[in-house]
Amino acid sequence: MLGEAVETRSKETGNHVKRVAEISKLLALDYGLDSDEAEVIRLASPMHDVGKIGIPDAILNKPGRHTPEEFEIMKTHAMLGYDMLKSSKRRILKAGAVIARDHHEKWSGEGYPHGRAGEDIHLYGRIVAVADVFDALGSDRCYKKAWPLEKVVDLFKEERGQQFEPRLVDGLLDNLDKVVAIRDAYAD
C-alpha cells in the first residue's frame, strides 16, 4: 500500500509496483532463492521509491529531462527511502530499506547513492533494479513514451555487466515470456 501511495504521488499507476513486485519474485526464484525469500522481495520491492515522498513535486513530476541540479535532488530519494525504513524490526520493511538504497546502484560501480559495484550491491537491490528498469522503460511516463519490447531487450543486452548483474539479465531474458505475461496481467 505504501508503494502504491508513492506511485500515486508521482502520477504513476500502482500497477508499476505490482509489476515490479511480480517480476522481482520471478527473478529471485530464477536466481535460486527459496520461495520464502523471493516472497520477501515481492512484498518489499514496492517500497523501492518510497523516498520520493521527500522530493518536491516540481521535480518529481517534471515533464522532460531534469537539469543536473534537479537530478542531484532526485537521486536523494534512494537514501531518503532507506532512512525512512532502516530502523524497522520487521523483515519486509528492513528489506524495503535495502532495496530503496541499492536499486540505483550499477554493477559497474557507476550508480548511486554510494557507487557500489558487483556483489557489494545487496542482491535485493540488484534484482529490483532489473525489474524496475524493465517496467519503467516499457511503460509510459510523464517524461517519455513506452519503449517497444525489442528496444528494452537490446538495452538489457548492452547493459549486461555494466548497469546490471549478468546473471540477472540472463534470468530476465530466459524468462521474457513470463515477464511479458506479468506486464500484460497488470497493464495500466
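Described in the following lines is the structure provided in the data block.

Here we take up the packing of aromatic side chains. Counted by the stated rule, this structure contains 3 aromatic pairs. Between Phe71 and Tyr112, the aromatic rings sit 6.0 Å apart at their centres with planes inclined by 90 degrees, giving edge-to-face as the arrangement. With Phe71 in helix α5 (residues 68–75) and Tyr112 in the loop between α7 (91–102) and α8 (123–137), this residue pair connects regions lying 41 residues apart in the sequence. On the basis of relative accessible area, Phe71 is assigned to the partly exposed category, the value being 37%. One aromatic cluster in this structure is built from Phe134, Phe156 and Phe164. The positively charged end of Lys151 is found above the aromatic ring belonging to Trp147, 4.2 Å away from the centroid. Its end group placed over the ring of Tyr31, Arg167 keeps NZ or CZ at 3.7 Å from the ring centre.

Judged by nonpolar contacts, the single largest core of 40 residues is most densely connected at Leu27, Ile127, Phe134, Phe156 and Phe164. Ranked by residue count, the leading element in this core is α8, at 10 residues. Aside from chain neighbours lying at most four places away, what touches Leu27 is Ile127, Val130, Ala131, Leu168, Gly171 and Leu172.

A few words on helix α9 (residues 149–159). Those residues of α9 that fall on the buried side of the exposure criterion are Val152, Val153, Leu155 and Phe156. When α9 is viewed along its axis, its buried side chains cluster within an angular range of 155 degrees and face the same direction. Opposite the buried face of α9, at more than 90 degrees from it, the exposed residues are Glu150, Lys157 and Glu158. For α9, the secondary structure elements touched by its buried residues are α8, α10 (166–174) and α11 (176–185). Residue Gly161 follows α9 closely and has a positive phi angle near 85 degrees.

Our focus in this paragraph is the side chain of Glu165. As for its position among the elements, Glu165 is in the loop between α9 and α10. Judged by relative accessible area, which is 6%, Glu165 ranks as buried. One polar contact links Glu165 to Tyr31, side chain to side chain, over a distance of 2.7 Å. Those residues in contact with Glu165 that lie beyond four places of it in its chain are Tyr31, Trp107, Leu123 and Arg126.

Turning to the pattern of salt bridges, a few remarks are in order. Applying the stated rule across the entire model yields 15 salt bridges. In this structure, the salt-bridge partner of Arg19 is Asp135, at a minimum N-O distance of 2.4 Å. Of this pair, Arg19 sits in helix α2 (residues 14–31) while Asp135 is found in helix α8, placing the two residues 116 residues apart along the sequence. Judged by relative accessible area, which is 2%, Arg19 ranks as buried. Of the charged contacts in the structure, one is a salt bridge between Arg116 and Asp102, with a shortest N-O distance of 3.0 Å. With Arg116 in the loop between α7 and α8 and Asp102 in helix α7, this residue pair connects regions lying 14 residues apart in the sequence. Connected via shared salt-bridge partners are Glu22, Lys25, Glu39 and Arg42.

Conventions we followed
- Residues numbered from 1 in each chain as written.
- Predicted model: local features only at pLDDT ≥ 70, side-chain atom pairs only at ≥ 80, totals over all residues.
- Heavy atoms only, no water.
- Phe/Tyr/Trp six-rings, centres within 6.5 Å; stacked < 30°, edge-to-face > 60°.
- Helix = DSSP H or I, 4+ residues; strand = E, 2+ residues; numbered from the N terminus.
- Buried < 20%, exposed > 50% of the residue type's maximum accessible area, 1.4 Å probe, protein only.
- Lys NZ or Arg CZ within 6 Å of the ring centre and 35° of its normal.
- Core = buried A, V, L, I, M, F, W, Y, C linked by side-chain atoms within 4.5 Å.
- Contact = heavy atoms within 4.5 Å.
- Arc of directions from axis to C-beta.
- Polar contact = N/O pair within 3.5 Å; in protein donor to acceptor, adjacent residues only side chain to side chain.
- Salt bridge = Lys/Arg side-chain N within 4 Å of Asp/Glu carboxyl O.

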